[in-house]
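Descriptive analysis of the structure
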Amino acid sequence: MEIPINFEKGRPIIVIPYQERWPAEFQRIATDLQQSLGDLALRIDHIGSTSVPGLAAKDVIDIQITVADLNDPQIPVRLTANGYTRFSTEYRDVFVGMDDASPQLEKRMVQAKAGDRRAHIHIRELGRFNQRYPLLFRDYLRASAVTRLSYALIKERLAQLFPESSEGYYFIKDPLMDLMYEAAEQWARLTNWAP
């Protein structure tokens, strides 16, 4: 893999200490999403770094909506009717060693309501690899203090190295997460973890 010398400038990456307000901010958005989707939302989870107590993170709430059928036409209808914008089918997750075109990596995204706090709202199908991955990753980070603290330190250093380039930040962070996933899978087997 050729390493780019210059990464494009973009939105600055700012990693801040864990904020006690994050769970309540998630819950407020999750409640609204549940009201919007009703029984289409099998579960709504707080994922990503803001879901791990004590973990430094970007001030963005990551939310995963789990649905039975990713292509159910009522999902975008109900979300947009309730003020959620920019429903997109253009996003896919990426995982080293997995075909980028795999249905296991397919997802939808929708933008938070105008005026709401910044959130990344991912919609994934129950039972797929990418639906399980963020739940396992979150729970493993909650359970492993060494991994959590090391991950926070790496993210803080990456933000210092790439203050104006999310591209540079994720260029290193994404493969690191895939490495950590191996350890999370071992932890899941040892603890009989289930999402």
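It should be noted that the structure appears before, not after, this text.
Model, not experiment: these values are computed from the prediction. (Residues numbered from 1 in each chain as written. Predicted model: local features only at pLDDT ≥ 70, side-chain atom pairs only at ≥ 80, totals over all residues. Heavy atoms only, no water.)

Considering helix H1 (residues 22–37)
Residues spaced three or four apart along an α-helix point in a common direction, a consequence of the helix completing one turn every 3.6 residues. We count it as follows: Starting at the N terminus, helices and strands are each numbered in turn, a helix being any DSSP run of H or I of at least four residues and a strand any DSSP run of E of at least two. Take the residue count of a helix, subtract one, and multiply by 1.5 Å to get its expected span. When accessible area is computed with a 1.4 Å probe and restricted to protein chains, residues below 20% of their type maximum are described as buried, those above 50% as exposed, and intermediate ones as partly exposed. The directions from the helix axis to the C-beta atoms are what the arc is built from. Between two residues, a contact is recorded if the distance between any of their heavy atoms is within 4.5 Å.
The terminal C-alpha atoms of H1 lie 22 Å apart, and with 16 residues this matches the ideal 22 Å at 1.5 Å per residue to within 8%. Listing the buried residues of H1 in full gives Trp 22, Glu 25, Phe 26, Ile 29, Ala 30, Asp 32, Leu 33, Ser 36 and Leu 37. Buried residues in H1, looked at end-on, bunch into an arc of 165°, giving them a common side. Turned more than 90 degrees away from the buried face of H1 sit Ala 24 and Gln 35, all of them exposed. For H1, the elements touching its buried residues are strand S1 (15–16), strand S2 (43–47), strand S3 (57–58), strand S4 (61–67), helix H2 (74–81) and strand S7 (119–125). One or two steps after H1, the chain reaches Gly 38, where phi turns positive at roughly 55°.

What to know about the packing of aromatic side chains
Stated precisely, the cut-off is as follows: Two aromatic rings, drawn from Phe, Tyr or Trp (for Trp, its six-membered ring), form a pair once their centres lie within 6.5 Å of each other, and the interplanar angle then sorts them: stacked below 30 degrees, edge-to-face above 60, tilted otherwise.
Taken as a whole, this structure holds 11 aromatic pairs when the rule is applied. Between Tyr 18 and Trp 22, the ring centres sit 5.4 Å apart and the planes meet at 90°, which makes this aromatic pair edge-to-face. One aromatic cluster is present, formed by Phe 95, Phe 129, Tyr 133, Phe 137, Tyr 151 and Tyr 181 through successive ring pairs.

Thoughts on the pattern of salt bridges
For clarity, the cut-off: When a carboxyl oxygen of Asp or Glu lies within 4 Å of a side-chain nitrogen of Lys or Arg, that pair is called a salt bridge.
One pass over the full model with this rule turns up 17 salt bridges. With a closest N to O distance of 3.0 Å, Lys 113 and Asp 32 form a salt bridge. Of the two residues, Lys 113 is situated in the loop between strand S6 (108–111) and S7 and Asp 32 in helix H1; the sequence distance between them amounts to 81 residues. What makes Asp 32 buried here is its relative accessible area of 18%. Notably, a salt bridge pairs Asp 39 with Arg 78, separated by 3.7 Å at the nearest N-O pair. Taken together, the residues span a long stretch of sequence, with Asp 39 in the loop between H1 and S2 and Arg 78 in helix H2 at a distance of 39 residues.

Some points on the environment of Asn 192
Within the fold, Asn 192 resides in the segment after helix H5 (166–191). Asn 192 sits in the exposed class, given a relative accessible area of 68%. For the pair Asn 192 and Ile 44, spaced 148 residues apart in sequence, the C-alpha separation works out to 22 Å.

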